[in-house]
Amino acid sequence: MSVIGIDTSNYTTSIAWFDGETGQNCSQLLPVRPGELGLRQSDAVFAHIKSLPELSGRLFSHIRADDIAAVGVSTRPRAVEGSYMPCFLVGRSHAKLLADALRVPLVEVSHQQGHVAAALWSAGRLEVMDGPHLAWHLSGGTTELLLVEPEGKNVRCTRIGGTTDISAGQLIDRTGQLLGLPFPSGKPLDALSAQAQGRELFRVKCPDMAFSLSGAENKIQQFYGKCADPRETAAYALRCVCQAVLSATENAQRRYPGLPVVFSGGVASNTMLRQWMAPLEPIFCPGQYSTDNAMGVAVLAHRLREE
């Protein structure tokens, strides 16, 4: 039997199918006007309402209704009290309607839990979910280092570190805006940085597992003002992120020795980050499952429907 997963984040509409082993994710970035750094929630809600029927039509064209055993959906950013974002209501309303029509269970999880599950499944390491591990959620709005522990067939994510102000994704997108790159700027900044020759770095302070990136933003602006080179500035910005994340991860591994580390979220698809983290032997997944997607929601729905 298979399940459907739906995720309507502030950046991407996605719907996925999963049968316990393999699956398919259909997704679409929300449209952002040139020069802007994201969407208002009202605009995101409207974009999801428009996108979901198109994506579901594409996915359901080859899936039998009588084979669907559950519908999963992300209903909030994190599984903590007070976590809320209106755009997730779009996914929940569509998922509830679909579950009622098919007379199957509705499984509700958080966007963050879905990210961790998608990363582990697509990396071929789903067994890691059955024990404690460390996980980074690195995205446009989130830079959190998590202690992840099994909670039945689901996972409980406890924040133990990360940024204290702007996220890694925000720093990357603001750097992209500075350089005139489209939003989101992760991929174009990645491509630009690969052409850089310099090694200059602003070292972000990370005495434990938390750090601030707002100072790095000021340094990036000053660096670009001096060199006026988009390639070197892109690499300089990414080195700031990589150094901070590496330091926090090393400190976490000393605090929680022996635990595997998984990277999730769109920033986790960055080439430089993967190179910097390689000595720590982390778990990285294919790029398409680092960014926002519904596959992790479907994976969790398949696990949780059995409880």
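Above this text is the structure in question.
Residues numbered from 1 in each chain as written. Predicted model: local features only at pLDDT ≥ 70, side-chain atom pairs only at ≥ 80, totals over all residues. Heavy atoms only, no water.

Q: What is the right way to look at the packing of aromatic side chains in this model?
A: Note on aromatic pairs: each is described by the distance of the centres and the angle between the planes. A full pass over the atoms with the stated rule returns six aromatic pairs. Here the aromatic rings of tyrosine 11 and phenylalanine 183 are separated by 5.9 Å at their centres, their planes lie at 35°, and the arrangement is tilted. Of this pair, tyrosine 11 sits in the loop between strand E1 (2-8) and strand E2 (12-18) while phenylalanine 183 is found in the loop between helix H4 (168-178) and helix H5 (186-193), placing the two residues 172 residues apart along the sequence. Given a relative accessible area of 25%, tyrosine 11 falls into the partly exposed group. Ring centres 5.5 Å apart and planes at 85° place the aromatic pair tryptophan 121 and tyrosine 289 in the edge-to-face group. Note that tryptophan 121 is positioned in helix H3 (residues 111-122) and tyrosine 289 in the loop between helix H8 (271-277) and helix H9 (295-304), a separation of 168 residues in sequence. Grouping residues by exposure puts tryptophan 121 and tyrosine 289 together as buried. One aromatic cluster is present, formed by Phe18, Trp121 and Tyr289 through successive ring pairs. (Phe/Tyr/Trp six-rings, centres within 6.5 Å; stacked < 30°, edge-to-face > 60°. Helix = DSSP H or I, 4+ residues; strand = E, 2+ residues; numbered from the N terminus. Buried < 20%, exposed > 50% of the residue type's maximum accessible area, 1.4 Å probe, protein only.)

Q: Mind showing me how you'd approach the side chain of serine 139 here?
A: Assignment of secondary structure puts serine 139 in the loop between strand E6 (133-138) and strand E7 (143-151). By relative accessible area, which is 10% here, serine 139 ends up buried. When sequence neighbours within four positions are dropped, the list of residues in contact with serine 139 reads Ser167, Ala168, Gly169, Gly266 and Val267. (Contact = heavy atoms within 4.5 Å.)

Q: Help me understand the sheet that holds strand E9 (residues 210-211) in this model?
A: To summarise the sheet geometry, strands pair through backbone hydrogen bonds and adopt either a parallel or an antiparallel arrangement. Ordered by their spatial adjacency, five strands build an open sheet running E9-E8-E7-E6-E10, and the pairing between neighbours is mixed. With one partner strand each, in any of the chains shown, E9 and strand E10 (261-264) form the two edges of the open sheet. Where E6 lies against E7, six bridges are found, and the strand directions are antiparallel. Paired with leucine 134 across the two strands is leucine 147, which belongs to E7. Those strands touched by helix H7 (residues 230-255) are E6, E7, E9 and E10, and its axis lies near 160° from that of E6. (Pairing = 2+ DSSP bridges. Axes fitted to C-alpha atoms, helices over the stretch in contact; angles between N-to-C directions.)

Q: For this particular structure, what's the right way to read the packing of helix H6 (residues 214-227) against H7?
A: Relative orientation and spacing of two packed helices are given, respectively, by the angle between their axes and the distance between those axes. Taken N-terminus to C-terminus, the directions of H6 and H7 make an angle of 160°; their axes are 9 Å apart at the nearest point. Regarding the angle of H6 to H7, the classification is roughly antiparallel. Between H6 and H7 the crossing geometry is right-handed. Of H7, the residues touching H6 (which contributes Ala216, Lys219, Ile220, Phe223, Tyr224 and Cys227) are Pro230, Glu232, Thr233, Tyr236, Ala237 and Cys240. (Parallel < 35°, antiparallel > 145°, perpendicular 65-115°, else oblique. Left-handed = near helix turned anticlockwise from the far one by under 90°.)

Q: When you look at the nonpolar core in this model, what are you seeing that I'm missing?
A: In a soluble, globular protein the nonpolar side chains are often hidden away together inside. If you look at the biggest cluster of nonpolar residues, it comprises 45 residues, and the most contacted ones within it are Trp136, Phe211, Leu213, Val245, Phe263, Leu273 and Met277. Elements that contribute at least two residues to this core include exactly E6, E7, H4, H5, H6, H7, E10 and H8. Sorting elements by how many residues they give to this core places H7 first, with 13 residues. Other than its neighbours up to four places away in sequence, leucine 213 contacts Thr163, Asp165, Ile166, Ser167, Ala168, Leu171, Val204 and Ala244. (Core = buried A, V, L, I, M, F, W, Y, C linked by side-chain atoms within 4.5 Å.)

Q: Just checking my understanding: could you explain unusual backbone geometry for this structure?
A: Negative phi characterises most residues that are not glycine, and trans characterises most peptide bonds. Residue proline 184 is reached from phenylalanine 183 by a cis peptide bond, and omega for that bond is -5°. Structurally, proline 184 can be placed in the loop between H4 and H5. Positive phi, close to 55°, is recorded for glutamate 281, a residue that is not glycine. Position of glutamate 281 among the secondary structure elements: in the loop between H8 and H9. Take glutamate 281: its relative accessible area is 70%, and that puts it in the exposed class.

Q: What exactly am I supposed to notice about the pattern of salt bridges here?
A: Opposite charge on two side chains makes pairing possible when the charged atoms of those side chains draw close. The full count for this structure, using the stated rule, is 15 salt bridges. A salt bridge links arginine 33 to glutamate 36; the shortest N-O distance between them is 3.9 Å. Here glutamate 36 falls in the partly exposed class, since its relative accessible area comes to 35%. Residues joined by salt bridges that share partners form a network here, namely Arg78, Glu144 and Arg159. (Salt bridge = Lys/Arg side-chain N within 4 Å of Asp/Glu carboxyl O.)

Q: Explain the state of the cysteines to me, please; I cannot follow it from the model alone.
A: Each disulfide consists of one covalent bond between the sulfur atoms belonging to two cysteines. Under the criterion given, the structure shown has zero disulfides. Cysteine cysteine 206 remains unbridged, with the sulfur of cysteine 240 as its closest cysteine sulfur at 13 Å. By relative accessible area, which is 14% here, cysteine 206 ends up buried. Cysteine 242 takes part in no disulfide bond, and the closest cysteine sulfur, belonging to cysteine 240, lies 9.3 Å away. (Disulfide = S-S within 2.5 Å.)

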